[in-house]
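# Examination of the molecular architecture
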Amino acid sequence: MRTHLCGAVRETNIGHTITVCGWVGRRREHGEHLAFLDIRDHSGIIQCVVDNNVDVRSEYVVQVTGVVRARPEGTINANIPTGAVELGDCVVVVLNSAESPPFAIDARADDVDELIRLKFRYLDIRRERLQKNLRLRASINSAIREAMELQGFVEVETPMLMPSTPEGAREFLVPSRKEPGSFYALPQSPQLWKQLLMLAGIDRYYQIARCLRDEDLRADRQYEFMQLDAEMSFVNQDDVLSAIGAAVTAAATAATGYAPPQIERMTWRDAMENYGVDKPDLRFEMKLVEVTSVFSATEFKAFAGAQSIKAICVDALTYPDAAASGRNKLDAFTDRAKKMGAKGLVWIKVGADLVFDSPVAKFLSDTEKAALLRSTGAVQGDLILIVADEWATTCEVLGQLRNDIGRPPVHEGPYRYVWVMDFPLFVGVDPVTGAPRPGHHPFCHPHPDDIHLMETDPLKVRALAYDLVLNGWELGSGSIRIHEPELQRRVFNLLGISDDEADKKFGFFLQPFKYGAPPHGGFAFGIDRLTAVLAGEENIREVIAFPKTQSGTDPMTNAPTHVDAKHLTELGLRVLPPPVSA
RNA sequence: GGUCCCGUGGUGAAGUUGGAGUUCACGCCGCCCUGUCAAGGCGGAGGUCGCGGGUUCGAGUCCCGUCGGGACCGCCA
């Protein structure tokens, strides 16, 4: 139907008769016998010069045949790639008329309410932003596949219908028609399948896999999302990082046109100590400063005896607004700190002659003040924020404040990839059973140097587990898995899961390990998140064709919907009345 | 489950101390217009101010509730 794409017409085509197809964009009418039409397809727009009797409106679908010609002197549009040429002597065939759309399809500075965009998603996708993002996503997927294939990974598809497994995220359930009362679960990830594929001798598996989790949605979380899921046999940690690094590097190169530098590494401990989060945004400084020793003999009660005291210095040159915060803002920081679990937040504004402006200034000795200035490097105009609490709380609270104050918009700054290594095997203890809780999942291999601590000091045991972080976004995580049944049993027992229970819950998964499990490890990272960051989007909905709202609905299809009673009966289901709230 | 922000013609916004559905830009419809490109000029249509209560002589505006959207906390092994 067409010989050229609209956005591809150039001066080299001058003199040729060509045919383009697309949607009518803007029309500029100049009396009876002259009008300009912008015809748009996914590649761009081309200006067509037509007789004003041609009756077409916005978003009509047309086929235009005409002669490519140079635009007259002085009428060249430098803002568009096709701006030096136009289509003349046009014959316009209307392939379809169209009602005027609920919002403008051409790119506008004003953005449209997202509810309306989602209701008319097919029109939203017609616009430049989503066209660009979806095509970027496709090129990222393609680059990842190529990188994985090159490294000998075999693409294997795994089931969407699987048994429910007890641990981890809430699952979506699918009722069984043949066995009423029984359910399949949709996979939170192909974790169990891919480990079985290692036992099965696939050696290197990958899949761009759909994962489903029935947990509340966020800017970086949808019910369904895509992961590059991979697993490798006979490898150590470095082998996995290098293989996945190659895929990420290929994706980033495809998206941005240049390769990112070697992905740096940081221990989890260092990430927490310096950035207060396990997904540090390395695009900006404002690191956490250790000041516990400064206050070892302090008179100030809130600091005396605190396990960990840390500070951040809000530099007035970089963050003039935050550093000059008034009482309201400082109270808001304090509220935020308290909501994160801190007992309080100490703020100090450094004034002229380095005089402290702070409610607690009078409790601090001159020695302490001097030491604080020295450690934080604070100068006149800066704002110092201090938290004194248990180590984890101190780090997390200041890490959050650091992000709140300093984090640049997603489209700004360099791409800073970092592997966060040596995650703890267990994080905290179950308040009911007192058993430690897995930091990642129960199949992570403990760090060989720490295995002897498992029973005596479990919270000190590191795992061979690692996250990939980009500009403060957790892209994904992985680990070396336990392949020894005996060690797996030890971990389960520590988690308070008896051999019997483990067999009941994970039997289909654990049994096969008796038959010769190779050492293996793997990784998975979120394609949506990677694409969003590389597209400069704050929200993964902008890189997903048909996303759900924060409440999990689709305004276009109205999903989820009620179903016929007959349908339910067939599945052996009955819907309960909604619970009456008190 | 919780905190916060938002909801006004088709779209995006403004709406002051509570005083007539008022205003602006875009779009839409009609007319004029031969080199525009966010074309221009003139005219016109278009409203359950999300919904329901309450206060008031009077509510887009204040109060309560509710629905919807968004950000975050919890949650996401």
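Residues numbered from 1 in each chain as written. Chains lettered and ligands numbered in written order. Predicted model: local features only at pLDDT ≥ 70, side-chain atom pairs only at ≥ 80, totals over all residues. Heavy atoms only, no water.

### Description of the state of the cysteines
Taken as a whole and judged by the stated rule, the model has zero disulfides. Of all cysteine sulfurs in the structure, the one in Cys-444 sits closest to Cys-211, which takes part in no disulfide; the separation is 16 Å. (Disulfide = S-S within 2.5 Å.)

### What about the packing of helix 11 (residues 485–494) against helix 12 (residues 499–510)?
Where helix 11 meets helix 12, the axes come as close as 11 Å, and the angle between the chain directions of the two elements is 130°. In terms of their interaxial angle, helix 11 and helix 12 are classed as oblique. Considering how the two elements wind past one another, helix 11 and helix 12 form a crossing that is right-handed. Here Gln-488, Arg-489, Phe-492 and Asn-493 of helix 11 lie close against helix 12, whose contacting residues are Asp-499, Ala-502, Phe-506 and Leu-510. (Axes fitted to C-alpha atoms, helices over the stretch in contact; angles between N-to-C directions. Helix = DSSP H or I, 4+ residues; strand = E, 2+ residues; numbered from the N terminus. Parallel < 35°, antiparallel > 145°, perpendicular 65-115°, else oblique. Left-handed = near helix turned anticlockwise from the far one by under 90°. Contact = heavy atoms within 4.5 Å.)

### Quick look at the sheet that holds strand 12 (residues 289–290)
An order of 12-13-16-14-15 is seen for the five strands of this open sheet, with the pairing classed as antiparallel. Whereas interior strands pair on both sides, the edge strands pair on one side only; in this sheet they are strand 12 and strand 15 (356–357). When strand 13 (residues 308–314) meets strand 16 (residues 383–389), the two strands line up antiparallel, connected through seven bridges. Paired with Lys-310 across the strands is Val-387, a residue of strand 16. Across the sheet, helix 8 (residues 327–339) is in contact with strand 14 (346–350) and strand 16; its angle to strand 14 comes to roughly 145°. (Pairing = 2+ DSSP bridges.)

### Considerations on the protein's contact with RNA strand B
What surrounds RNA strand B is a group of 51 residues, the closest being Arg-26, Glu-29, Thr-75, Glu-86 and His-440. Counting only atoms of RNA strand B within 4 Å of the protein, the sugar-phosphate share comes to 53%. A distance of 3.5 Å separates a phosphate oxygen of RNA strand B from a polar atom in the side chain of Ser-58. Contacts to RNA strand B include Arg-71, whose side-chain N or O atom sits 2.6 Å from a base nitrogen. Going through the elements one at a time, strand 1 (17–29), helix 1 (114–119) and helix 8 are the ones with two or more residues in the surface near RNA strand B. Across the surface near RNA strand B, the residue classes break down as 12 nonpolar, 17 polar and 22 charged. (Near = heavy atom within 4 Å. Polar contact = N/O pair within 3.5 Å; in protein donor to acceptor, adjacent residues only side chain to side chain. Nonpolar A, V, L, I, M, F, W, Y, C, P; charged D, E, K, R; others polar.)

### So, the packing of aromatic side chains
Counting across every chain of the model gives 15 aromatic pairs. Judged by centre distance (6.4 Å) and plane angle (45°), the rings of Trp-268 and Phe-423 are tilted. With Trp-268 in helix 6 (residues 268–275) and Phe-423 in the loop between strand 17 (417–421) and strand 18 (426–429), the pair connects residues that are 155 residues apart, well separated along the chain. Residue classification places Trp-268 among the buried positions, given a relative accessible area of 18%. Since its relative accessible area comes to 13%, Phe-423 is described here as buried. The residue whose ring lies beneath Arg-269 is Trp-391, and the NZ or CZ to ring-centre distance is 3.9 Å. The side chain of Arg-402 reaches across the aromatic face of Phe-284, ending 3.8 Å from its centre. (Phe/Tyr/Trp six-rings, centres within 6.5 Å; stacked < 30°, edge-to-face > 60°. Buried < 20%, exposed > 50% of the residue type's maximum accessible area, 1.4 Å probe, protein only. Lys NZ or Arg CZ within 6 Å of the ring centre and 35° of its normal.)

So, to be careful, I would describe these as geometric facts and stop short of saying anything about function.
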